[in-house]
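A closer look at the structure
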Amino acid sequence: MPEIGELDEAQLTDLQKEAMRHAFTVETGPMTALRGDLLKRISVARCPFCGIGESSTLDHYLPKEKHPEFSVFPINLVPSCAVCNTRKRDRILDEGTNVRMFLHPCYDVIPDMAFLAVRARMEADALILSYRLTRPAGMMVQTFQHLRSHFNELDLADRYRRMGLEHLGGQYPALPRAYGAGEDAARVAEKLIEGAEDFEEVSGPNYWLAKLYRALADNNDFCDGGFEAVRVQAQPH
Ligand SMILES: [Zn+2]
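Residues numbered from 1 in each chain as written. Predicted model: local features only at pLDDT ≥ 70, side-chain atom pairs only at ≥ 80, totals over all residues.

Turning our eyes to something else, we now look at the overall build of the chain. Helix and strand counts for the chain come out as 9 helices and 4 strands. When the elements of the chain are put in sequence order from the N terminus, they spell out α-α-β-β-α-β-β-α-α-α-α-α-α. When its C-alpha atoms are laid out on the principal axes, the chain stretches across 75 × 50 × 30 Å. Taking all 237 residues of the chain together, the buried fraction comes to 27%. Long-range contacts, defined as pairs at least 24 residues apart, comprise 65% of the intrachain contacts of the chain with a sequence gap of at least 6. (Helix = DSSP H or I, 4+ residues; strand = E, 2+ residues; numbered from the N terminus. Buried ≥ 20, exposed ≤ 12 C-beta atoms within 10 Å, placed from the backbone. Contact = placed C-beta atoms within 7 Å.)

Put into structure tokens, the structure is as follows:
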């Protein structure tokens, strides 16, 4: 695929551009069928830009305002969550560097070196998470900049932090169960590592929840009863 900065602008009249955008926006029979076809696949149920949200919209990877010629081109339509779609808006190239800001889930090869990191610490009985990217030795600077731009522009550090805490709230009962009456912190860590391995097998080493589970397994304060911090009070019915 040519780099987007190198693409010639399509020679379309304003009327033709409008017609291309209209073909996407208006629910014609073929567009409804294409939309349904793209969104119903189980493999894309989760948003490929963030790995968090449900894919409920079709994002124009190349914005239809700038590239109306790809308005209804299936590989330009990425099933994505509303948060990512909204954050991407009509942006594609970084104004300063002229480099693409977002990864394309099919066309950009995501390196399988570890580049996502999360720090987990206990502070006054609260669990504090901070996600960041780190460049592994051997990763090209340009590849890393591309990953970092995607991560920053989609606000993934904060979204992973919030959803991580939410996820742990849902998983809470498993933690005191592993801890048991014997207060076995090592058993809690073991459970977390098993969980991390399951996530890694399915979603790869940089999956945000795999990283979280490993960070928690490494945190003795968390495993030794600190997990009470993620307990959610049951809502009265
Ligand atoms: Zn998303």
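Back to the text.
So, about the domain arrangement of the chain. We note that the domain assignment places domain 1 (7–88) and domain 2 (116–230) within the chain. In terms of residue class, the side of domain 1 that touches domain 2 is built from 4 nonpolar, 1 polar and 1 charged. (Domains from an automatic or database assignment. Nonpolar A, V, L, I, M, F, W, Y, C, P; charged D, E, K, R; others polar.)

Structurally, Ile-52 can be placed in the loop between helix H2 (29–39) and strand S1 (57–60). Once residues lying within four places of it in the same chain are set aside, the contact partners of Ile-52 are Cys-47, Arg-159 and Met-163.

Attention now moves to helix H7 (residues 185–203). The first and last C-alpha atoms of H7 sit 27 Å apart over 19 residues, in line with the 27 Å expected at 1.5 Å per residue. Those residues of H7 lying buried are Val-188, Ala-189, Lys-191, Leu-192 and Ala-196. Projected down its long axis, H7 carries its buried residues within an arc of 160 degrees, all on one side. (Expected span 1.5 Å × (residues − 1). Arc of directions from axis to C-beta.)

Within soluble globular proteins, side chains that are nonpolar tend to cluster in buried spots. Of all hydrophobic cores here, the largest spans 37 residues; its most connected members are Cys-50, Tyr-213 and Leu-216. Of all the secondary structure elements, the ones that give two or more residues to this core are strand S3 (116–123), strand S4 (126–133), helix H5 (156–171), helix H6 (174–179), H7, helix H8 (208–217) and helix H9 (220–223). A per-element tally of this core places H8 first, with 8 residues. When residues of this core are assigned to domains, at least three fall in each of domain 1 (7–88) and domain 2 (116–230). Setting aside chain neighbours within four positions, we find Cys-50 in contact with Cys-81, Cys-84, Leu-154, Leu-156 and Arg-159. (Core = buried A, V, L, I, M, F, W, Y, C linked by C-beta atoms within 7 Å.)

Positive phi, close to 65 degrees, is recorded for Asp-125, a residue that is not glycine. In this structure, Asp-125 sits in the loop between S3 and S4. Judged by C-beta crowding, with 10 C-beta atoms within 10 Å, Asp-125 ranks as exposed. Even without glycine at this site, Glu-183 takes up a positive phi of about 50 degrees. Relative to the helices and strands, Glu-183 resides in the loop between H6 and H7.

If you trace the backbone, Ala-196 turns up in helix H7. Judged by local crowding, Ala-196 falls into the buried class, with 21 C-beta atoms found within 10 Å. Along the chain, Ala-196 and Met-140 lie 56 residues apart, while their C-alpha atoms are 27 Å from each other. If we ignore the near neighbours within four places in the chain, the residues touching Ala-196 are Ala-210, Tyr-213, Arg-214 and Ala-217.

For the rest of this paragraph, the subject is the pairing of S4. By the bridge criterion, 8 bridges tie S3 to S4 in an arrangement that is antiparallel. Bridge pairing in S4 places Arg-121 opposite Ile-128. If you look at the hairpin formed by S3 and S4, you'll find 2 residues sitting between the two strands, and Ala-124 has a positive phi there, around 45 degrees. (Pairing = 2+ DSSP bridges.)

Within the secondary structure layout, Asp-158 lies in helix H5. C-alpha of Asp-158 to C-alpha of Leu-129: the two residues are 29 residues apart in sequence and 9.2 Å apart in space.

For the rest of this paragraph, the subject is H5. Given 3.6 residues to a turn, an α-helix orients residues that are three or four positions apart in the same direction. Its 16 residues give H5 an end-to-end C-alpha distance of 21 Å, which sits within 8% of 22 Å, the value for a rise of 1.5 Å per residue. When H5 is considered as a whole, its buried residues turn out to be Leu-156, Arg-159, Tyr-160, Gly-164 and Leu-168. Burial along H5 is one-sided: seen end-on, the buried residues are contained in an arc of 155 degrees. Within H5, the exposed residues directed more than 90 degrees away from the buried face are Asp-158, Arg-162 and Glu-166.

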